[in-house]
Amino acid sequence: MLIRRETPADIDAIRSVTTKAFSAPGQEPPREAPLVDELRVHASWLPLLSHVAIHDDQVVGHVVCTRGKIGGAPVLGLGPISVLPEHQRSGVGSALMHSVIGAADALGETLVGLLGDPAYYARFGFVPAEKHGVVAPVPEWSPYFQVRPLAAHFPGLHGTFAFPEPFDRV
């Protein structure tokens, strides 16, 4: 498996992977694939932090971080992260997480926030946001909203987390 930055040639495959990863039988099409398309053309898009996992010359996973804010301070919002169902539980998601967190840290970013299962994301250093004085953008998300401070984090970074505007439609 190879992890690399997204290229324009990957866009259709990313859309397909994201749709398949979030689809559930008998439910409406998932909103995550259109979200990635909307983020890609939004001012919050950070091309250096959109990574794909390649296996046998096929995109099998994708992760993206976009520009979020805490107060006026720039931070990152992680997600969606998508892996084809037949490649889940094989290390693809973990490789994507390590890749994008390492890249964000190398770029001097301060903090990454995400909404997800605390039991899963704890292995990547994510903790409940409240432990760092960060408030979930939606109060009901509090048990699942987590942050991971990076090397450039500073203790005074407190307040309500804001994902980029396209997340408001999910």
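This one's a predicted model, so the numbers in the text were calculated from it and none came from an experiment. (Residues numbered from 1 in each chain as written. Predicted model: local features only at pLDDT ≥ 70, side-chain atom pairs only at ≥ 80, totals over all residues. Heavy atoms only, no water.)

*Asks:* I would appreciate a short explanation of the overall build of the protein in the present structure.
*Replies:* Within the protein one finds 4 helices and 9 strands. From first element to last, N terminus to C terminus, the protein shows the α and β order β-α-α-β-β-β-α-β-α-β-β-β-β. In terms of overall size, the protein behaves like a compact globule, its C-alpha atoms giving a radius of gyration of 15 Å where 170 residues would be expected to give roughly 15 Å. Overall, the C-alpha framework of the protein stretches about 45 × 35 × 30 Å when taken along its three principal axes. Burial statistics for the protein: of 170 residues in total, 44% are counted as buried. Of the contacts made within the protein by residues no fewer than 6 positions apart, 66% connect residues no fewer than 24 positions apart. The distance from the centre of the 13 positive side-chain charges to the centre of the 17 negative ones in the protein is 4 Å. (Helix = DSSP H or I, 4+ residues; strand = E, 2+ residues; numbered from the N terminus. Rg over C-alpha atoms; globule rule 2.2 N^0.38 Å. Buried < 20%, exposed > 50% of the residue type's maximum accessible area, 1.4 Å probe, protein only. Contact = heavy atoms within 4.5 Å. Lys, Arg positive; Asp, Glu negative; His and termini not counted. Charge placed at Lys NZ, Arg CZ, Asp CG, Glu CD.)

*Asks:* Would you mind showing me how to read the UniProt feature "domain: N-acetyltransferase" (unreviewed entry) in the protein here?
*Replies:* UniProt's entry tags residues 1–148 with the feature "domain: N-acetyltransferase" (unreviewed entry), counted in the numbering of this structure. The annotated region residues 1–148 carries 27% helix and 35% strand content, and the separation between its end C-alpha atoms amounts to 25 Å. (UniProt positions renumbered as here; feature names shortened; annotations may be inferred.)

*Asks:* Teacher, can you tell me more about unusual backbone geometry here?
*Replies:* Look at the link from Gly-79 to Pro-80: it is a cis peptide, with omega at 0°. Summarising the element assignment, Pro-80 is placed in strand 4 (residues 73–83). For Asp-56, which is not glycine, the phi dihedral falls at a positive 50°. Considering the arrangement of structural elements, one finds Asp-56 in the loop between strand 2 (45–55) and strand 3 (58–70). Owing to a relative accessible area of 67%, Asp-56 belongs among the exposed residues under this scheme.

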